[in-house]
Amino acid sequence: MHATALEAALADIDTVFNGFASPGETACSVCDLPEEVAYLRTPYVQIPVDVVRQYTFQASGHFDDQDAAMRRLLPQGARALTEGALGPLGLGFHGLAVVDWRSWPERQAAAVETFVHTWWQDVLATPEPPYSISEIFELCASILGSAAPLLDLWRPAPVADAHLAQCVDWWLADLLVDGTPFGWWLHGEE
């Protein structure tokens, strides 16, 4: 059931963000090659996964229009996340964590939120997800700007309980000294 819901969420991302581009994008002339930037300006062209990864996790301020760049990357980027094709997740903030995607038109914002929630639910039922559970939790929480929706979806079940134990093991050292194990928190001190 979860895989079907995830496929539906990915199909919605594909539909809602189909054909987006950032026509005037120049990106960072120091970090990005002209042929890589051309992918952001050109709709309907498959972007190599290494370029999707580079742009998805590139620091904010590298784009003329980061919102447009994220919209362009979303169809391939969402699918690559679910397949584990983006490599380690802890190397930077996901681009959706630094844009105000909730201010996008309602259908776009709903597609992003549904995708994150659905992927999280799918991961909770998957014994061996494509990344560590703590990495996925942090990435999803950073995109949503809150851990609460993820915790609300974390229902008792054998696989979900095992994932919870893994997260607690990962977070325990920081929590024992009243530190935060979350490097993803961009939304204020609370």
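Up top is the structure these notes are about.
Residues numbered from 1 in each chain as written. Predicted model: local features only at pLDDT ≥ 70, side-chain atom pairs only at ≥ 80, totals over all residues. Heavy atoms only, no water.

K.L.:
Summarise the packing of aromatic side chains; cite the residues concerned and give the values.
P.N.:
Counting across every chain of the model gives eight aromatic pairs. With a centroid separation of 5.7 Å and an interplanar angle of 50°, the aromatic rings of F17 and F20 are classed as tilted. Centre to centre, the rings of W120 and W154 are 5.2 Å apart; their planes meet at 85°, and the pair counts as edge-to-face. In this pair, W120 is assigned in helix α6 (residues 106-124) and W154 in the loop between α8 (148-153) and α9 (158-176), connecting sequence segments 34 residues apart. Each of the two residues, W120 as well as W154, counts as buried. Taken together through their ring pairs, the aromatic side chains of W120, F137, W154 and W171 make up a single cluster. Sitting over the face of the ring of W104, R71 holds its NZ or CZ atom 4.1 Å from the ring centroid. (Phe/Tyr/Trp six-rings, centres within 6.5 Å; stacked < 30°, edge-to-face > 60°. Helix = DSSP H or I, 4+ residues; strand = E, 2+ residues; numbered from the N terminus. Buried < 20%, exposed > 50% of the residue type's maximum accessible area, 1.4 Å probe, protein only. Lys NZ or Arg CZ within 6 Å of the ring centre and 35° of its normal.)

K.L.:
Tell me about the environment of C167, and please be specific about residues and values.
P.N.:
In this fold, C167 is placed in helix α9. Judged by its relative accessible area of 0%, C167 falls in the buried class. Leaving out residues up to four positions away in the same chain, C167 has contacts with I133, S134 and W154. (Contact = heavy atoms within 4.5 Å.)

K.L.:
Describe the side chain of H94, with residues and values.
P.N.:
Mapped onto the secondary structure, H94 falls in the loop between α4 (66-83) and α5 (95-98). A residue is classified by how much of its surface remains accessible, and H94, at 7% relative accessible area, is buried. Among the polar contacts made by the side chain of H94, one reaches the main-chain amide nitrogen of L96 at a distance of 3.0 Å. (Polar contact = N/O pair within 3.5 Å; in protein donor to acceptor, adjacent residues only side chain to side chain.)

K.L.:
Tell me about the pattern of salt bridges, residues and numbers included.
P.N.:
Evaluated as defined, the whole model comprises four salt bridges. Across the pair R79 and E7 runs a salt bridge whose closest N-O atoms are separated by 3.4 Å. With a gap of 72 residues between them, R79 in helix α4 and E7 in helix α1 (residues 2-16) connect regions that are remote in the sequence. Judged by its relative accessible area of 23%, R79 is partly exposed. Classification of E7 as partly exposed rests on a relative accessible area of 43%. A salt bridge links D14 to R79; the shortest N-O distance between them is 3.2 Å. Taken as a pair, D14 in helix α1 and R79 in helix α4 lie far apart in primary sequence, 65 residues in all. (Salt bridge = Lys/Arg side-chain N within 4 Å of Asp/Glu carboxyl O.)

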